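For reference, the chains in residue letters:
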There are 4 protein chains.
Amino acid sequence: MKILFFAGALRKESLNKKFVKEAKRLIDEKGGHTTEFLDLADYPMPVYDGDIEASSGVPETAKKLGAKIKEADALIISSPEYNGAIASSFKNVIDWLSRDKPVSLEYKPLLLLAASPGALGGVRGLWHTRVPLEVVKAHVFPDMQGLPSADKAFGADGKLTDEKTVKRLSTLTQQFIDHVAKA
Amino acid sequence: MKILFFAGALRKESLNKKFVKEAKRLIDEKGGHTTEFLDLADYPMPVYDGDIEASSGVPETAKKLGAKIKEADALIISSPEYNGAIASSFKNVIDWLSRDKPVSLEYKPLLLLAASPGALGGVRGLWHTRVPLEVVKAHVFPDMQGLPSADKAFGADGKLTDEKTVKRLSTLTQQFIDHVAKA
Amino acid sequence: MKILFFAGALRKESLNKKFVKEAKRLIDEKGGHTTEFLDLADYPMPVYDGDIEASSGVPETAKKLGAKIKEADALIISSPEYNGAIASSFKNVIDWLSRDKPVSLEYKPLLLLAASPGALGGVRGLWHTRVPLEVVKAHVFPDMQGLPSADKAFGADGKLTDEKTVKRLSTLTQQFIDHVAKA
Amino acid sequence: MKILFFAGALRKESLNKKFVKEAKRLIDEKGGHTTEFLDLADYPMPVYDGDIEASSGVPETAKKLGAKIKEADALIISSPEYNGAIASSFKNVIDWLSRDKPVSLEYKPLLLLAASPGALGGVRGLWHTRVPLEVVKAHVFPDMQGLPSADKAFGADGKLTDEKTVKRLSTLTQQFIDHVAKA
């Protein structure tokens, strides 16, 4: 299976990038799948504006990202919570992707994660992040994982230090993959 | 009372700009308030990125918009629904505004409208639009108005053609103003 | 495939019962599946109360309904919108079902419909109805269908009169079944 | 000012009853307001069913509760999260109250709290609890408070043991009261 990993945040040291890379590592260690991490910062898009779309079409970066998504059998995305809701950086990507027909996210199996320095782990934001994804008909896996106190969760080697967190992430990603494999 | 009007969308011919301008016109006709429409396209901001904030701070455009909001006694905003949820253009503005302390939106009375060519008038999106605004502690008025079939709702003079819609908008904006006036 | 149909509403002449029965009829006409409609009014439960659970356990009606759900390969549910959100009657059923372990709804494929006399067809409520279902890990199909003006949508024979609505319902239920069949 | 306090849960030892009683105590200690706690268990209502409404009207208990709400200047409600969403017990009360015209909750200032044994304090559920309240046009205060690990939060005397939690609750309820007093 071909699995694509990315974070909904842009900054270099994003906790969500670290978290989703850990998901990738755990899957890679078990083997058997082709995995790829990509960085949304390499796919810069302007804030969605109907006039830009009318004059220049969907940005090439959105089309390239859409092509990547189409090729993948499944997506694992860790996206931050901004102001209790979806991150503007990720919503903007979804809005542009939704203008690139046929929509790459349609019926695409997708697992959502979140990392946050706060105590709630960004879970509240995930429930808002699901909505536009489900509106474009992505198959968002019902279970999700938030990582609280994410600023203290990684060692110098970038690995999650808490065993229970690692186990939960390993189990959840496996459940997701097993579900996609059956489909 | 000083009332600020804007739309959550960027494009020039935005139906939401037209709708919120009609709200302004109806209030202006009754008189007694200082009203101002501003265009988010005049306050361009990059997609929120923690690295931009760390290196250059909050954009000047966000600070200027925040200052405008601080001066106002109340806001009336018409914001489109993108993919069943908040418009990325408006979420991005909220995310930047939330980084400019003290946050201009805190405890600010705010009325939400939406216009959409669809049959639902963008009302579904409004319920997601409320969330980050309430998280930054804006006082979002409980009642809201969606304008369905908005592409056919305006005459050549930019005025709403349906009398019932005009009456509802006039009543709703008045209720909102009366509520703010009491506070 | 064994498909279970019910409505989230209790009253006898519920528009949601009529709507979900039409979904059943369209599937029955194509053949190939075992279908069953059940009426939540035949599974009366008290309003959820932790003291009732502590003293008498999960009601027998909830256990019977849970057993029905466990047997089914897929669920098609039409649930009304009450006050812009999930119907209390359906939320109450979900809350009781969630106390009957292992939870019957876990990983159960599920299609949501809604019928409403209003112009929005109950779609707004559906987005709130998804949430607790996804929290108990049901696989809620991303696409959904709302039936607006539902009080005028059925003929004397109980059949939907609008051809486009019938076609949409037929297509959607087929897509759902095809998706479940693959899994 | 007349302030009414209740919990959205029914069971006797409800953590939400304890939490909202603490909010009442903190306000009582400062003095100057008439406060009353009521127990939803004393206002039993059947699960909402349009047939019950048609044959027997809105239950007397709902009418009595509505009268209590009408008399109050403000409500402080602590309501649990069930399955990541609004408690069925509270949603059912809202649905019945919404059928008793004029609706007692309309434009009623309202502060939401939640208590939960979990780590998130029921905050996720509060965001779903707001929705039907705002749909019936209650003025839900933007700020809210969730009490995590609520099963360990109270002393034998029923008082909150954590000073920071007490201080936050005291500040929040005061901000709410000040806001209502101005209106």
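Thresholds, definitions, all that
- Residues numbered from 1 in each chain as written.
- Chains lettered and ligands numbered in written order.
- Predicted model: local features only at pLDDT ≥ 70, side-chain atom pairs only at ≥ 80, totals over all residues.
- Heavy atoms only, no water.
- Helix = DSSP H or I, 4+ residues; strand = E, 2+ residues; numbered from the N terminus.
- Rg over C-alpha atoms; globule rule 2.2 N^0.38 Å.
- Buried < 20%, exposed > 50% of the residue type's maximum accessible area, 1.4 Å probe, protein only.
- Contact = heavy atoms within 4.5 Å.
- Areas by Shrake-Rupley, 256 points an atom, 1.4 Å probe, with all protein chains shown as cover.
- Lys, Arg positive; Asp, Glu negative; His and termini not counted.
- Charge placed at Lys NZ, Arg CZ, Asp CG, Glu CD.
- Expected span 1.5 Å × (residues − 1).
- Phe/Tyr/Trp six-rings, centres within 6.5 Å; stacked < 30°, edge-to-face > 60°.
- Lys NZ or Arg CZ within 6 Å of the ring centre and 35° of its normal.
- Buried area = accessible area lost by both parts, 1.4 Å probe.
- Salt bridge = Lys/Arg side-chain N within 4 Å of Asp/Glu carboxyl O.
- Polar contact = N/O pair within 3.5 Å; in protein donor to acceptor, adjacent residues only side chain to side chain.
- Least-squares fit on C-alpha atoms with pLDDT ≥ 70 in both.
- 1 Å grid on protein atoms, 1.4 Å probe; cavity = no way out; pocket = protein on both sides within 12 Å on 5 of 7 lines; lining within 4 Å.
- Points joined across faces, edges and corners; volume = space filled by probe spheres on them.
- Nonpolar A, V, L, I, M, F, W, Y, C, P; charged D, E, K, R; others polar.
- Axes fitted to C-alpha atoms, helices over the stretch in contact; angles between N-to-C directions.
- Parallel < 35°, antiparallel > 145°, perpendicular 65-115°, else oblique.
- Left-handed = near helix turned anticlockwise from the far one by under 90°.

## Brief notes about the overall build of chain A
- When you go through chain A residue by residue, the secondary structure sums to six helices and eight strands.
- Along chain A, helices and strands appear, N-terminal first, in the series β-α-β-α-α-β-β-β-α-β-α-β-β-α.
- Its C-alpha atoms give chain A a radius of gyration of 16 Å, near enough to 16 Å, the size a compact globule of 183 residues would have.
- Oriented by its inertia axes, the alpha-carbon framework of chain A measures out at about 50 × 35 × 25 Å.
- Relative to its 183 residues, chain A shows a buried fraction of 61%.
- Here the contacts in chain A between residues at least 6 apart in sequence split such that 76% fall between residues at least 24 apart.
- When the accessible surface of chain A is split by element, carbon and sulfur atoms take 49% of a total near 7000 Å².
- On chain A, the mean spot of the 26 positive side-chain charges and the mean spot of the 24 negative ones are 2 Å from each other.

## Some points on helix H3 (residues 60–71) of chain B
- Over its twelve residues, H3 of chain B runs 17 Å from end to end, which matches the ideal 16 Å to within 8%, given 1.5 Å per residue.
- The secondary structure elements touched by the buried residues of H3 of chain B are strand E1 (2–7), strand E3 (74–78) and helix H4 (88–97) of chain B.

## Observations concerning the packing of aromatic side chains
- Under the defined criterion, the tally for this structure stands at 20 aromatic pairs over all chains.
- Residues tyrosine 48 of chain A and tyrosine 82 of chain B carry aromatic rings whose centres are separated by 5.2 Å and whose planes lie at 80° to one another, so their mutual orientation is edge-to-face. Linking tyrosine 48 of chain A in the loop between strand E2 (34–37) and helix H2 (50–56) with tyrosine 82 of chain B in strand E4 (residues 81–82), this pair reaches from one chain into another.
- Classification of tyrosine 82 of chain B by relative accessible area gives buried; the value is 16%.
- Chaining the aromatic ring pairs together yields one cluster made of Tyr48 and Trp96 of chain A together with Tyr82 of chain B.
- Above the face of the phenylalanine 37 of chain D ring, lysine 21 of chain D is positioned so that its terminal group lies 4.7 Å from the ring centre.

## Quick notes on the interface of chain B and chain A
- Between chain B and chain A, the contact holds 29 residues from the first and 29 residues from the second.
- Buried surface at the junction of chain B and chain A, both sides included, amounts to about 2200 Å², of which 60% is carbon and sulfur.
- Contact with chain A buries surface across chain B, with Val47, Asn83 and Ser88 of chain B losing the most and accounting together for 27% of the total.
- Linking chain B to chain A there are zero salt bridges.
- There are 14 residue pairs in polar contact (both at pLDDT 80 or more) connecting chain B and chain A.
- In terms of residues, the side of chain B that touches chain A owes the most to one element, H4 of chain B, which gives six residues.

## Considering the relation of the copies chain B and chain A
- After a rotation of 180° and a shift along the axis of 0.0 Å, chain B superposes on chain A with an RMSD of 0.0 Å. The symmetry that links the two subunits is that of a two-fold axis.
- Here 100% of the interface residues in chain B have copies in chain A that are interface residues too; the copies meet face to matching face.

## Re empty space enclosed by the protein
- Throughout the structure, instances matching the rule amount to six cavities of 30 Å³ or more.
- Size it by volume and the largest cavity reaches roughly 260 Å³.
- Every residue lining the largest cavity is counted, 20 residues in all, and those nearest its centre are His128 of chain A, His128 of chain B, His128 and Val131 of chain C together with His128 of chain D.
- If you list the elements that add at least two residues to the lining of the largest cavity, you get helix H5 (123–135) of chain A, helix H5 (123–135) of chain B, helix H5 (123–135) of chain C together with helix H5 (123–135) of chain D.
- Here the lining of the largest cavity is composed, by residue class, of eight nonpolar, four polar and eight charged.

## Examining the packing of H5 of chain A against H5 of chain B
- Contact geometry for H5 of chain A and H5 of chain B: axes closest at 12 Å, N-to-C directions at 155°. Comparing the axis directions of H5 of chain A and H5 of chain B gives the class roughly antiparallel. By crossing handedness, the relation of H5 of chain A to H5 of chain B is classed as left-handed. For the pair H5 of chain A and H5 of chain B, the contacting residues are Arg124, His128, Val131 and Val135 of chain A in the first and Arg124, His128, Val131 and Val135 of chain B in the second.
- Here the residues of the contact of H5 of chain A with H5 of chain B sort into four nonpolar, two polar and two charged.

## Here's the deal with the interface of chain C and chain B
- Tallying the contact residues gives five residues for chain C and five residues for chain B.
- Inspection of the region where chain C meets chain B yields zero salt bridges.
- On inspection of chain C and its partner chain B, the count reaches zero residue pairs in polar contact (both at pLDDT 80 or more).
- Along the lines of polarity and charge, the residues of the side of chain C that touches chain B split into four nonpolar, no polar and one charged.

## Some thoughts on the pattern of salt bridges
- Under the definition given, this model contains 60 salt bridges over all chains.
- In this structure, lysine 137 of chain D engages aspartate 143 of chain B in a salt bridge whose closest nitrogen and oxygen atoms are separated by 3.0 Å. Here lysine 137 of chain D, found in the loop between H5 and strand E7 (139–140), pairs with aspartate 143 of chain B, found in the loop between strand E7 (139–140) and strand E8 (145–147), and the two come from separate chains.
- Lysine 18 of chain C is paired through a salt bridge with glutamate 13 of chain C; the nearest N and O atoms lie 3.8 Å apart.
- Ionic contacts of the salt-bridge type, sharing partners, join the residues Arg130 and Glu134 of chain A together with Arg130 and Glu134 of chain C into one network.

## Description of the relation of the copies chain C and chain B
- Of the transformation superimposing chain C on chain B, the axial component is 0.0 Å and the angular component is 180°, with the fit at an RMSD of 0.0 Å.
- Looking at chain C, 100% of its interface residues are interface residues in chain B too, so the copies touch through the same face.

## Remarks on H5 of chain C
Residues and elements named next belong to chain C.
- Across its 13 residues, H5 extends 19 Å between first and last C-alpha, which sits within 8% of the 18 Å expected from 1.5 Å per residue.
- Of all 13 residues in H5, twelve are buried; the element is thus mostly enclosed.
- Within the span of H5, buried status applies to Val123, Arg124, Gly125, Leu126, Trp127, His128, Thr129, Arg130, Val131, Pro132, Leu133 and Glu134.
- With its phi angle positive at about 75°, lysine 137 sits one or two positions after the end of H5.

## Some remarks on the side chain of glutamate 22 of chain A
Residue and element names in this part refer to chain A.
- By the element assignment, glutamate 22 lies in helix H1 (residues 15–30).
- Its relative accessible area of 4% is what places glutamate 22 among the buried residues.
- Sequence-distant contacts of glutamate 22, that is, excluding residues within four places in its chain, are made with Phe154, Gly158, Lys159, Leu160 and Leu169.

## Looking at the side chain of histidine 139 of chain A
- With respect to the secondary-structure elements, histidine 139 of chain A resides in strand E7 (residues 139–140).
- Filtering out sequence-adjacent residues up to four positions away, histidine 139 of chain A remains in contact with Tyr107, Lys108, Pro109 and Leu110 of chain A together with Phe141, Pro142 and His179 of chain C.

## A closer look at the environment of serine 98 of chain C
- Structurally, serine 98 of chain C is set in the loop between helix H4 (88–97) and strand E6 (109–115).
- Residue serine 98 of chain C is classed as buried on the basis of its relative accessible area, which comes to 9%.
- Sequence-wise, serine 98 of chain C and proline 148 of chain C are 50 residues apart; in three dimensions their C-alpha atoms are separated by 30 Å.
- Setting aside anything within four residues of it in sequence, one finds serine 98 of chain C in contact with Val103 and Val136 of chain C together with Asn83 of chain D.

## Here's the deal with unusual backbone geometry
- Proline 102 of chain B follows lysine 101 of chain B through a cis peptide bond whose omega is -10°.
- With respect to the helices, strands and loops of the structure, proline 102 of chain B is situated in the loop between H4 and strand E6 (109–115).
- Of note in this structure, asparagine 83 of chain A is not a glycine but carries a positive phi near 55°.
- In this structure, asparagine 83 of chain A sits in the loop between strand E4 (81–82) and strand E5 (85–86).
- Of note, lysine 137 of chain B is a non-glycine position whose phi angle comes to about 75°, a positive value.

## Overview of the environment of phenylalanine 6 of chain A
All names here are of chain A.
- Take phenylalanine 6: it is sitting in strand E1 (residues 2–7).
- The class of phenylalanine 6 is buried, set by a relative accessible area of 1%.
- Between the alpha carbons of phenylalanine 6 and valine 20 there is a distance of 6.6 Å; along the sequence they are 14 residues apart.
- The contact partners of phenylalanine 6, leaving out residues within four places of it in the chain, are Val20, Phe37, Leu38, Leu40, Ile76, Ile77, Ser78 and Phe90.

Geometry only, nothing functional implied.
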